[in-house]
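So you can see what is in the structure, the chains are spelled out below.
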Amino acid sequence: MTDRATSEERASRARPHRVVVLALDGLLPFELGIPQRIFGRARDDRRRRLYEVVTCSVRPPGPVRTDADFAILVENGPEALATADTVVVPASYELGPVYEEGVLTEELAAALALVRPGTRLVAICTGGYVLAAAGHLDGRPATTHWAAAEHFQRLFPKVRVDADVLYVDDGDVLTSAGVAAGIDLCVHIVRRDHGTAVANDVARRTVVPPYRDGGQAQYIERPVPEPQQASTTGARAWALGRLHEPIQLRDMAAQESMSVRTFTRRFREEVGVSPVQWLVQQRVERARHLLESTDLSVDRVARDAGFGTAQSMRQHLQAALGVTPTAYRRTFRARGDRPSAAMSRASRGG
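All values derive from a computational prediction rather than experimental measurement.

**Q** Could you clarify how one ought to interpret the environment of Val130 in this entry?
**A** Among the secondary structure elements, Val130 is positioned in helix 5 (residues 128-133). For the pair Val130 and Ala109, spaced 21 residues apart in sequence, the C-alpha to C-alpha distance is 9.5 Å. Among residues more than four places away in sequence, those in contact with Val130 are Leu24, Val89, Leu95, Val98, Leu104, Leu108 and Leu112.

Below, the structure is given as structure tokens:
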């Protein structure tokens, strides 16, 4: 490697990862603000910014219509897309031929042509229509808001649409369902790029859940219990304080004075997955945190996360992330290195 290449690599690692958000007419202000809110809060252990977030339009700087009673002033034109490490396309209610026919407008096609090969592409909610119309989702798994999924699949038959998940991580192309799922996806990207400690700090500062698995159902029948009706919240809190111990389904049900059958049904209605699936997810997250932030042996991490044995933990991490515990620890101990492509692909939703 030449001295110049080494210098350029060091400079690339030192600068924040540049996220460019594409603001389209008819955009939803809430979803436009998600990337700035999540990526803009990410800091390293020296409190340095890990991402730089820039918003641009497909036109020269100027106002962009929203679906609310106000417009926003965007100060960057489409040329900003050429500088992006990651491009985020939030939802819009005025996609025109993109939504109606599955084709890009000339203006939008010209803007997207500026995106460099290898740039990571992210869509929030119906922003996925833009990526699909550009051909970036052909042959790939993807998701969008459940209410648009059937139309999305008819319009783009080459895309493998999964309407039942919060987000899909397919490595260099990621898609999410609507609104809060966009937050989940951006927090997931921070975790993928920089580990659970940084992602948890972002979530804490933003006052959002630090982790919702991408495979969790979009539509949960009873996310908030009916008045006077028992929920499973207490059982979840009880289990989180005892992840290092064996936890039986009947023990969780007993915390809410429910039968196992009733508890299991209500848990799935409220959380979107079964109690057993949820426990595995929490233990994987606990193991990830310990592997990143401690020097505990793999055997000890397995016990503290509740897997019992290193072999059991290895199987669950392989299934969830596509890597072994040792490889995962090595990835996040290598300062400045990005997670492996294998881990990125394996951490997709569903």
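Back to the write-up after that little detour.
**Q** What should I look at first to understand the nonpolar core in this one?
**A** Note that soluble globular proteins tend to have their nonpolar side chains buried in a common cluster. The biggest cluster of nonpolar side chains holds 36 residues, and the ones touching the most others in it are Val19, Ile38, Phe39, Ala42, Tyr51 and Val190. Elements represented by at least two residues in this core include exactly strand 1 (17-22), helix 2 (29-39), strand 2 (51-56), strand 6 (120-124), helix 7 (180-194) and helix 8 (196-206). The greatest single-element share of this core, amounting to seven residues, is contributed by helix 7. Not counting residues within four places of it along the chain, the set of residues in contact with Ala42 comprises Arg48, Arg49, Leu50, Tyr51, Val190, Val198 and Val202. Core analysis: the second largest hydrophobic core is formed by 31 residues, Val54, Cys56, Leu121 and Ala132 among them.

**Q** Teacher, can you tell me more about the packing of aromatic side chains here?
**A** Aromatic rings in a pair are described by how distant their centres are and how their planes are angled relative to each other. What the rule picks out here adds up to seven aromatic pairs. Plain terms: the ring middles of Tyr99 and Tyr129 are 5.0 Å apart, the flat faces sit at 35 degrees to each other, and that makes the pair tilted. With Tyr99 in helix 3 (residues 97-100) and Tyr129 in helix 5, the pair connects residues that are 30 residues apart, well separated along the chain. Seen in terms of ring centroids, Phe267 and Trp278 are 5.7 Å apart; in terms of plane orientation they differ by 70 degrees. Their pairing is edge-to-face. With Phe267 in helix 11 (residues 260-271) and Trp278 in helix 12 (residues 275-293), this pair connects stretches of sequence that are eleven residues apart. A single burial state applies to Phe267 and to Trp278, both of which are buried. Connected via pairs of aromatic rings, a cluster forms that spans Tyr99, Tyr129, Phe152 and Phe156. One cation-aromatic arrangement involves Arg236 over Phe267; the distance from NZ or CZ to the ring centre is 5.8 Å.

**Q** When you look at the pairing of strand 4 (residues 71-74) in this model, what are you seeing that I'm missing?
**A** Two faces belong to every sheet, and in a regular strand the side chains alternate between them. The pairing of strand 3 (residues 62-65) with strand 4 spans four bridges and is antiparallel. Looking at the pairing, Arg65 lines up with Ala71 of strand 4. Here strand 3 hands over to strand 4 after five residues, the two strands then running antiparallel side by side.

**Q** I'm lost on the pattern of salt bridges in this one. Help?
**A** One pass over the full model with this rule turns up 20 salt bridges. The salt bridge partner of Arg48 is Asp44, with a shortest N-O separation of 2.7 Å. The exposure class assigned to Asp44 is buried, which follows from its relative accessible area of 16%. Each of Asp25, Arg59, Arg65 and Glu94 takes part in salt bridges that share partners, so that together they form one network.

**Q** What am I meant to see in the sheet that holds strand 5 (residues 86-89) here?
**A** Two modes of strand pairing occur in sheets, parallel and antiparallel, and in both the strands are linked by backbone hydrogen bonds. Taking strand neighbours across the sheet as the criterion, the six strands line up as 2-1-5-6-10-9 in an open arrangement whose pairing is mixed. Pairing within the sheet leaves two strands with one partner each, and these edge strands are strand 2 and strand 9 (167-169). Adjacent strand axes in the sheet meet at a mean angle of 15 degrees when their direction is disregarded. Bridging between strand 1 and strand 2 involves six bridges; their strand directions are parallel. Paired with Val21 across the bridge in strand 2 is Thr55. Each of strand 1, strand 2, strand 5 and strand 6 is contacted by helix 2, which is oriented at about 160 degrees to strand 2, the strand it contacts most.

**Q** Would you take a moment to explain the confidence of the model for the protein chain for this structure?
**A** Detailed reading of the predicted model is not advised wherever pLDDT is low. Predicted confidence across the protein chain gives a mean pLDDT of 87, with 85% of residues reaching 70 or more. Long-range and interchain partners of residues 335-350, a stretch whose pLDDT sits below 50, account for 48 contacts in this model, where long-range means more than four residues apart.

**Q** Mind showing me how you'd approach the pairing of strand 6 here?
**A** For strand 6, a buried count of five out of five residues is recorded, marking the element as mostly surrounded by other parts of the structure. Residues Arg120, Val122 and Ile124 of strand 6 are buried on one face, and the alternating residues Leu121 and Ala123, pointing to the opposite face, are buried as well. Where strand 5 and strand 6 come together, four bridges link them in parallel fashion. Residue Thr86 lies in a different strand from strand 6, and its bridge partner there is Arg120.

**Q** Quick question: what am I supposed to make of the packing of helix 7 against helix 8 here?
**A** The angle between the axes and the distance between the axes are what describe a pair of packed helices. For the pair helix 7 and helix 8, the least separation of the axes is 7 Å and the interaxial angle reads 150 degrees. As summarised for this structure, helix 7 and helix 8 are arranged roughly antiparallel, according to the angle between their axes. Helix-helix and strand crossings are classified by hand; for helix 7 and helix 8 the assignment is right-handed. Residues Val187, Val190, Arg191 and His194 of helix 7 form the contact with helix 8, whose participating residues are Thr196, Val198, Ala199 and Val202. Classifying every residue of the contact of helix 7 with helix 8 gives five nonpolar, two polar and one charged.

Conventions adopted
Residues numbered from 1 in each chain as written. Predicted model: local features only at pLDDT ≥ 70, side-chain atom pairs only at ≥ 80, totals over all residues. Heavy atoms only, no water. Helix = DSSP H or I, 4+ residues; strand = E, 2+ residues; numbered from the N terminus. Contact = heavy atoms within 4.5 Å. Core = buried A, V, L, I, M, F, W, Y, C linked by side-chain atoms within 4.5 Å. Buried < 20%, exposed > 50% of the residue type's maximum accessible area, 1.4 Å probe, protein only. Phe/Tyr/Trp six-rings, centres within 6.5 Å; stacked < 30°, edge-to-face > 60°. Lys NZ or Arg CZ within 6 Å of the ring centre and 35° of its normal. Pairing = 2+ DSSP bridges. Salt bridge = Lys/Arg side-chain N within 4 Å of Asp/Glu carboxyl O. Axes fitted to C-alpha atoms, helices over the stretch in contact; angles between N-to-C directions. pLDDT = per-residue confidence, 0-100. Parallel < 35°, antiparallel > 145°, perpendicular 65-115°, else oblique. Left-handed = near helix turned anticlockwise from the far one by under 90°. Nonpolar A, V, L, I, M, F, W, Y, C, P; charged D, E, K, R; others polar.

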